[in-house]
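# Notes for the structure review
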Amino acid sequence: MQTATGLEFKIQEMAQRIKTLREIIGLTTMDMANKTGVTLQEYLDCESGKSDLNFAFLYRCALALGVDV
């Protein structure tokens, strides 16, 4: 079994926070993909922690969710 590095753990943690906020606000994954300028699959990969979260993506998520980066 492979263990996550510190960076991988942080990516997973941030991805989960984005998902939780999205669900609280009531946006769909497609809504967020549109608001962040990525495809639905790219968004799903980011939200699940499978893809690295670049700052531009995080910034657009924060704007869509109404929170500070």
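Before reading on, note that the structure itself is shown above.
This section reports on the structure supplied with the text. Just so you know, these numbers come straight off a predicted model, no measurement behind them.

Under the definition given, this model contains four salt bridges. Across the pair Glu-13 and Arg-17 runs a salt bridge whose closest N-O atoms are separated by 3.9 Å. Taken as a pair, Glu-13 and Arg-17 lie in helix α1 (residues 6-25) at a separation of four residues, close to a single helical turn. Taking the shortest distance from any N to any O, the salt bridge between Glu-47 and Arg-22 comes out at 2.7 Å.

This part covers the nonpolar core. What tends to happen in soluble globular proteins is that the nonpolar side chains get buried as a cluster. Ile-11, Ile-18, Leu-27, Met-32, Ala-33, Tyr-43, Cys-46, Leu-53, Phe-57, Leu-58, Cys-61 and Leu-65 together form the largest nonpolar core, which totals 12 residues. Mapped by element, the contributors of at least two residues to this core are α1, α2 (29-36), α3 (40-47) and α4 (55-65). Residue contacts for Leu-58: discarding those within four places in its chain leaves Met-14, Ile-18 and Leu-53.

Two aromatic rings are characterised by how far apart their centres lie and by the angle between their planes. According to the stated counting rule, one finds two aromatic pairs in the structure shown. Here Tyr-43 and Phe-57 contribute two aromatic rings whose centre-to-centre distance is 5.9 Å and whose plane-to-plane angle is 50°, an arrangement assigned as tilted. With Tyr-43 in helix α3 and Phe-57 in helix α4, this pair connects stretches of sequence that are 14 residues apart. In this structure, Tyr-43 and Phe-57 share a single accessibility class: buried.

Moving on to a nonpolar patch on the surface. A surface patch of nonpolar side chains, about 330 Å² in accessible area, is lined by Leu-21, Ile-24, Ile-25 and Val-67. Take Leu-21: it is sitting in helix α1.

Rules of the game
- Residues numbered from 1 in each chain as written.
- Predicted model: local features only at pLDDT ≥ 70, side-chain atom pairs only at ≥ 80, totals over all residues.
- Heavy atoms only, no water.
- Salt bridge = Lys/Arg side-chain N within 4 Å of Asp/Glu carboxyl O.
- Helix = DSSP H or I, 4+ residues; strand = E, 2+ residues; numbered from the N terminus.
- Core = buried A, V, L, I, M, F, W, Y, C linked by side-chain atoms within 4.5 Å.
- Buried < 20%, exposed > 50% of the residue type's maximum accessible area, 1.4 Å probe, protein only.
- Contact = heavy atoms within 4.5 Å.
- Phe/Tyr/Trp six-rings, centres within 6.5 Å; stacked < 30°, edge-to-face > 60°.
- Patch = residues over 30% accessible without salt bridge, like charges linked within 9 Å, V, L, I, M, F, W, Y side chains within 5 Å.
- Areas by Shrake-Rupley, 256 points an atom, 1.4 Å probe, with all protein chains shown as cover.

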